Amino acid sequence: AVVSTQSTGAHCRRLSQLIIDPSTVQQLKNIEESSLRVTVDGGGCSGFLYKFELDDSIGSDDVIIERDGIRIITDQISLDFMKGSTIEFHEELIRSSFRVVKNPQAEEGCSCGVSFSVKID
């Protein structure tokens, strides 16, 4: 499924409520890439792990979210774990990376921001 989104202020929303921060758009344009695959896998110190890959391949089960000429590619299962989250690019003295932040599906995460545990109602 391809979902085109329109810029509305600082953030961009769609039905899944996955938010693509302008920092993500800018970084992908800076490195001359048009697609970022974001998935959730089991692992990490908190139970689940975010994975980021520069990847243009599209599978039949992929969900594509477009904003300002870039695409975030994910699958429906991963999207369910990230609903309401924001994808940002962070630059720090010791590293620079894409991150999933403000995830309402996560109960807690590790200090590096890569792994998280899921809220159980």
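Scoring rules and cut-offs
Within every chain, residues take consecutive numbers counted from 1 along the sequence as written. Totals for whole chains, interfaces and linings use all residues, but because this is a predicted model, local features are given only for residues with pLDDT of at least 70 and pairs of side-chain atoms are given and counted only at 80 or more. Hydrogens are left out, water is left out, and the side-chain values use all remaining heavy atoms of the structure. Ring pairs shown here join Phe, Tyr and Trp side chains whose ring centres sit within 6.5 Å, with only the six-membered ring taken for Trp; geometry is labelled stacked below 30 degrees between planes, edge-to-face above 60, and tilted in between. To qualify as a helix, a DSSP run of H or I must reach at least 4 residues; to qualify as a strand, a run of E must reach at least 2; elements of each kind are numbered from the N terminus. For every residue, the accessible area obtained with a 1.4 Å probe (protein chains only) is divided by the maximum for its type, and the residue is called buried under 20%, exposed over 50%, and partly exposed between those limits. At least two bridges found by DSSP between two strands is the condition for calling them paired. We count a salt bridge whenever a side-chain nitrogen from Lys or Arg sits within 4 Å of a carboxyl oxygen from Asp or Glu.

(A) Representation of the packing of aromatic side chains within the structure. Summed over all chains, the structure comprises three aromatic pairs. Where F48 meets F81, the ring centres are 4.8 Å apart and the plane angle is 40°; that geometry is what we call tilted. In this pair, F48 is assigned in strand β4 (residues 47-53) and F81 in helix α2 (residues 76-82), connecting sequence segments 33 residues apart. Look at F81 and you get partly exposed, because its relative accessible area is 23%. A network of ring pairs unites the aromatic residues F52, F89 and F98 as a single cluster.

(B) Spatial organisation of the pairing of strand β8 (residues 96-101). Within β8, five of the six residues are buried, which leaves it mostly tucked inside the rest of the structure. For strand β7 (residues 86-91) and β8, the ladder comprises six bridges, and the chain directions are antiparallel. By the bridge assignment, I87 is partnered in β8 with V100. Taken together, β7 and the strand that follows it, β8, pair antiparallel across an intervening segment of four residues.

(C) Representation of the pattern of salt bridges within the structure. Counting across every chain of the model gives seven salt bridges. Across the salt bridge formed by R37 and D55, the nearest N and O atoms sit 2.8 Å from each other. Placement of R37 in strand β3 (residues 35-43) and of D55 in the loop between β4 and β5 (62-67) is noted, with a sequence separation of 18 residues between them. Residue R37 is classed as buried on the basis of its relative accessible area of 11%. Among the salt bridges present, the one from D56 reaches R71, with a minimum N-O distance of 4.0 Å. Of this pair, D56 sits in the loop between β4 and β5 while R71 is found in strand β6 (residues 70-75), placing the two residues 15 residues apart along the sequence. Since its relative accessible area comes to 22%, R71 is described here as partly exposed. Linked through salt bridges whose partners overlap, the residues forming this network are R37, D55 and D62.

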